[in-house]
Structures are given as structure tokens and as C-alpha cells.
Amino acid sequence: MNAPREEFGSRLGFILAAAGSAVGIGNMVGFPVAATKNGGAAFLLIYAIFVFLICLPVMLAEMAVGRKTRKDPLGAYSELTSNQPGWRLAGWLSIITPFMIAVFYMVITVWIFGYLFNTAIGNLDMLANPDYFGGFINETSIFIYMAAVSAIVYLILLGGVKQGIEKAAKILMPTLFIMLLGLVIFVLTLDNAFAGVEYYLVPDFSKINANVVSAAMGQAFFSLSLGMGIMITYGSYLSSRDGIPGSAKLVALTDTAVAFIAGLMIIPAVFSFNPNTDTADLSDSSLSMIFSFLPQIFLALQTSIGYFAASLVAGVFFLLVFFAAITSLVSILEVPNAAIMDERNVSRKKSLIMLGAGMIVFAVISATSFGMLNFTTEFVNYAGAPKSFFDVIYDVFYDTILPLNGFLICIFVIYRWKKANFNSALEEGEESYRNSFFQKYVDFSMSTFIPIILLLIFINTVAIKFFGYSFIG
Ligand code: PHE
């Protein structure tokens, strides 16, 4: 099959698709929860610094490598190094990582879909019961929701780059913005909402310590969909007429803006529910925020606006998070899909069937690791605790391999592919990048502190996660 490589139809389509990948559950809930716990605007400030000063150059690297080679990550690393085994390994990591993260992201998306469905059929009161979630994740109905989510993702991916991924992003992303703004406006009209706004926007630097800084960095890196081969793959579909640096800046900006605005939705909602909220009592986990806490807040609205309207608000919220999750899931699955298509020379349809089969096996296994099956629930033991299959995927791929992949791509573009090639790839479609201040900054940072920071995060995570040892207290 030597059909010409598919391309995005326009620069806007590319930006929306990449932003669709970046804007996910991490923005809608992960960021607001982290900001609430860690000093509000102080956290936001540190997060934004990381997004623009550390993550953005890494995004440029991924997009440039993809666009230059017009290949999936494995093909890209192989082509630029004439199949050097060590770098091919980095290529493999960049397709296995998204596959495994997709498994874990799929499970959460399935839960969101289940909550959306139950809200739509009038079961908000049931969802608001704090014990509901624990039972819900072990019901077999999970697998029906999983089939539905898989079908949606499959159909989008089957449409290809322009008619599937780009079209979905062009519909889902604007709808997502509108729903988000609508919810923010609604939440701000609630009693005591401004106590939440104040809490969010007045920075509390006393909460900032080494762990918070490291959490902000991890959140920024994940939120921009880095280290998963996604930006390499999407970059490989970008026309050479379109500029990378300007597009990447817009993606980073959109992602950060959505995270910030999501904070304006979640934090005031928490305060309007309980004006005396002690944020120290809120759970650290964004999962318990979405699935246990927020449904209670939505249900409480019924005293002022009635059950139907309260369900409507909850429905819009879950639909919003669901849209955010779907565009992310599509992007992450397109990575192994592109790899199968490129490396095995098969059609999109065949490749998707192969990928789908593998995905379903892993997703089903990880969906059973919350008590349904003993074997997957207590899969292994490390750092002094039993870990489920789901935990292992999270610890190994999300927490550990992501920064490693980030480190590898930095070292790769600067020292193996070489700066001059990297720069000329970034000038393609954006001449003004040459000798700009931004170019000098990217050059300098990528050859010095960015890889060092990513390597340190990797080492620190391995020490904490697998040896129970923390360097930073
Ligand atoms: N950027 C996504 C988020 O913030 C993370 C993600 C992207 C996860 C793509 C999986 C796939 O939630």
C-alpha cells in the first residue's frame, strides 16, 4: 500500500486535533484538584511556567520529528538513525507507552460514559450516593459501556485523519468550549461561589514545596500529551506549508486556558456546596472528585433548581468531560494504529481491527482490577504494597516512562538528529522562526536543563515508586 500519507486539511484542523488531545480529564479535573490542594494561583503560576518553558520545546521536538519523517514514532526514530537499535528501542517505547496509557484512560472514560448515561436516564440521585462508585466499577454493565466507547473511538479513527480525527475535533472542541463557559457562568451565579474564586485566585505560596513543584511538572507534561508519541504522530500528518512553532504555542495556550477555566468551574462549585470547605479535607484524587464528590454537589442543586435541571447540569458536565476524554483517547490510539499501518503496511481498517483486539483484552483485564478479579486486583507487590493491574500500568507508564520518553526525545533531537536539522525542520512553513528569540531559547533549553530536569524526574519517580525512597522529602 503506497497511498500518499494522510494529512490534516488545515492548520486549524491540526491545532484543534492536537488541542483535543491535550485537553482531557487532566484539564477538567486533575488540574483543578491539584490547584485547590496546592495553593491555587501559586500552583497555576508554576504550572504555566512549566508548560511554556519546559514542555513547549519538547512539543516542538515531537512535532518536528514526526513531520520530518512522516512516520509513526518507531518509523521516525528508525529512519533518522538508520535503524540504530538503541534508538529503535526509544521508538518502541513511544508506541507501547500510548497503548498502555490508552488502556488506563479507556477505563476512566468508560466510567465517565456510565455516569453520563445514568445521569441522562434520571439516576443522578443514585450516583450521588457516596458508596455508589465502589459498586459501579465492579458491575458487569461496565463492559457494555466499554463496547459503546470503543465503537465511538473506532468509528472516528476509521474515518482517517481528515474525515475522522480532524472532523471530530472540529465538532467536539468548540462544543466543549461552549459547555465549559456555560457551566462556569452557571456556577458563578451560585451562592458562595465567589469564596471559591477568591480561594483559587489568591496565591498561597506557603503550600509550595518540592513535591508540589514536581506534581505541577508531571501534570503539565501529561496535560500536553507529551512522551506518548502523539505529537510525533499528529506532526507526521501536518502539511509542510504549516508552521510548527506557532501551532504548538496555540496548543499549549489552549490547554492551559482550559485547565484554568475548568478551575473556575470546579472550585467555586465546591465552595458553593460547602462555604466552609477545608481544602485539606478534599481528597487528592481527581477520580474521587469526579465520581463521588461532584455528583453530590449536582444533586444538592435540586433544592434550588429542581431535580431535572440539576440532572441537566450534571449531564452537561459529564458530556463535557466525555468529549475531552474522547478526543484524547482517539489521539493516543492513533499512535499504535499509525505504527501498525506504517510498519506492517496494512490498511487503516485492518490495523484498527488488530489494535482493537489487543486493546479490548487489556482494557477488560484492567477493568477487573478493582475487586472483580482477585488476580488482577492484587497483581503484584512493590514498594511495600499490593498493586492492581491498573496501578501497575499507571505507575510504570504514566508516572515513570513518560518523563523518560521526554528525556529521550530531547537528547535525540539535539545530539543525534542534531540542532541544525531540528531547526530547519521547525523553519519549514514558518520562516520567521529562524534566529528568533524563541529559537534561541529552544536550542539552549533543549540542550541543557530540559533533559536534565526530565531525567531527574525519572530517577526520582523510580526511587519513590519502586523502592519506596524519596529524595525530596
Ligand atoms: N492530555 C490529556 C489530559 O490532560 C492526557 C491524555 C492525552 C491522556 C491523550 C491520554 C491520551 O487528560
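Structure's up top.
Calculation notes
- Residues numbered from 1 in each chain as written.
- Predicted model: local features only at pLDDT ≥ 70, side-chain atom pairs only at ≥ 80, totals over all residues.
- Heavy atoms only, no water.
- Helix = DSSP H or I, 4+ residues; strand = E, 2+ residues; numbered from the N terminus.
- Rg over C-alpha atoms; globule rule 2.2 N^0.38 Å.
- Buried < 20%, exposed > 50% of the residue type's maximum accessible area, 1.4 Å probe, protein only.
- Contact = heavy atoms within 4.5 Å.
- Areas by Shrake-Rupley, 256 points an atom, 1.4 Å probe, with all protein chains shown as cover.
- Lys, Arg positive; Asp, Glu negative; His and termini not counted.
- Charge placed at Lys NZ, Arg CZ, Asp CG, Glu CD.
- Phe/Tyr/Trp six-rings, centres within 6.5 Å; stacked < 30°, edge-to-face > 60°.
- 1 Å grid on protein atoms, 1.4 Å probe; cavity = no way out; pocket = protein on both sides within 12 Å on 5 of 7 lines; lining within 4 Å.
- Points joined across faces, edges and corners; volume = space filled by probe spheres on them.
- Axes fitted to C-alpha atoms, helices over the stretch in contact; angles between N-to-C directions.
- Parallel < 35°, antiparallel > 145°, perpendicular 65-115°, else oblique.
- Left-handed = near helix turned anticlockwise from the far one by under 90°.
- Nonpolar A, V, L, I, M, F, W, Y, C, P; charged D, E, K, R; others polar.
- Near = heavy atom within 4 Å.
- Polar contact = N/O pair within 3.5 Å; in protein donor to acceptor, adjacent residues only side chain to side chain.
- Expected span 1.5 Å × (residues − 1).
- Bend = angle between axes of the 7 residues up to and from the residue.
- Core = buried A, V, L, I, M, F, W, Y, C linked by side-chain atoms within 4.5 Å.

> For the overall build of the protein, give the residues involved together with the corresponding values.
Helix and strand content of the protein: 20 helices and two strands. Taking 473 residues into account, the globule formula puts the C-alpha radius of gyration at 23 Å, and the protein, at 22 Å, falls close to it. Dimensions of the protein, computed from the C-alpha atoms along their principal axes, are close to 65 × 50 × 45 Å. Buried residues in the protein amount to 58% of all 473 residues. At a minimum sequence separation of 6, the contacts of the protein that also span at least 24 residues come to 81%. As presented, the protein carries roughly 18100 Å² of accessible surface, and 66% of it is formed by carbon and sulfur atoms. Between the mean site of the 25 positive side-chain charges and the mean site of the 29 negative ones, the protein shows a separation of 13 Å.

> Pulling in residues and values, what's your account of the packing of aromatic side chains?
The relative placement of two aromatic rings is captured by the distance of their centres and the angle of their planes. Applying the stated rule across the entire model yields 45 aromatic pairs. Look at Y77 and F412: their rings are 4.8 Å apart centre to centre, the planes differ by 65°, and that puts the pair in the edge-to-face class. Here F412 lies in helix α18 (residues 389-427) and Y77 lies in helix α4 (residues 73-80), a separation of 335 residues in the sequence. Each of the two residues, Y77 as well as F412, counts as buried. Here F222 and Y398 contribute two aromatic rings whose centre-to-centre distance is 4.6 Å and whose plane-to-plane angle is 70°, an arrangement assigned as edge-to-face. Of this pair, F222 sits in helix α11 (residues 210-223) while Y398 sits in helix α18; the two residues are 176 residues apart in sequence, bridging distant segments of the chain.

> Talk me through the layout of surface pockets; I want residue IDs and the actual numbers.
Volume-wise, the largest pocket comes out at about 1600 Å³. The wall of the largest pocket is formed by 46 residues, among which A215, Q219, Y394, Y398 and D399 lie closest to the centre. Looking at the lining of the largest pocket, the elements that each hand over two or more residues are α2 (25-37), α3 (41-69), α5 (85-120), α11, α14 (286-300), α18 and α20 (449-467). The biggest single contributor to the lining of the largest pocket is α11, with 10 residues.

> Provide a residue-level description of the side chain of S445, including the pertinent values.
With respect to the helices and strands, S445 occurs in helix α19 (residues 437-447). Taking the relative accessible area as the measure of exposure, S445 reaches 0% and is therefore buried. Contacts of S445, omitting those with residues within four sequence positions, involve P57, I450 and P451.

> Break down the packing of α5 against helix α16 (residues 348-367) for me, citing the residues and quoting the values.
Relative to each other, α5 and α16 sit at 55°, their axes nearing to 9 Å. Here α16 runs oblique to α5, going by the angle between their axes. The element α5 and its partner α16 pack so that their crossing is right-handed. Within the contact between the two elements, α5 uses F99, M100, A102, V103, M106 and V107 and α16 uses L355, G358, M359, F362, A363, S366 and A367. Residue composition of the contact of α5 with α16, grouped by class: 11 nonpolar, two polar and no charged.

> I'd like a description of the site of the ligand, backed by residues and values.
In the vicinity of the ligand, 14 residues are found, and the nearest of them are A22, I25, G26, Y105 and S223. Contact distances for the ligand include 2.8 Å between an oxygen atom and a backbone N or O atom of G26. At a separation of 3.4 Å, a nitrogen atom of the ligand approaches a polar side-chain atom of S225. Against a free-state accessible area of 320 Å², the protein chains account for coverage of 100% of the ligand.

> Outline α2, listing residues and values.
In a regular helix each residue adds 1.5 Å, so 13 residues correspond to 18 Å; α2 covers 17 Å between its end C-alpha atoms and thus fits that length. Along α2, the largest kink reaches about 30° and is centred on F31; proline P32 follows within four residues of it. When you tally the buried positions in α2, you get 13 out of 13 residues, the bulk of the element. The first or second residue beyond α2 is G39, which carries a positive phi of 95°.

> Quick one: what's the story with the environment of P4, residue by residue and with numbers?
Following the sequence through the fold, P4 ends up in the segment before α1 (11-22). The exposure class assigned to P4 is exposed, which follows from its relative accessible area of 73%. C-alpha of P4 to C-alpha of W111: the two residues are 107 residues apart in sequence and 38 Å apart in space.

> An account of α1 is requested, with residue identities and associated values reported.
For α1, with 12 residues, the first-to-last C-alpha span of 16 Å sits near the 16 Å given by 1.5 Å per residue. Listed as buried for α1 are G13, F14, I15, L16, A17, A18, A19, G20, S21 and A22.

> Kindly report on the side chain of T461, identifying the contributing residues and their values.
Note on placement: T461 falls in helix α20. Exposure remark for T461: the relative accessible area of 10% places this residue in the buried category. Not counting residues within four places of it along the chain, the set of residues in contact with T461 comprises D399, T400 and F466.

> Quick one: what's the story with the nonpolar core, residue by residue and with numbers?
Core analysis: the largest hydrophobic core is formed by 175 residues, its most contacted members being M28, F317, V413 and F422. Top contributing element to this core by residue count: helix α15 (residues 302-344), with 21 residues. Not counting the four nearest positions on each side in its chain, F422 is found in contact with L60, A61, A64, V413, I414, W417 and V442.

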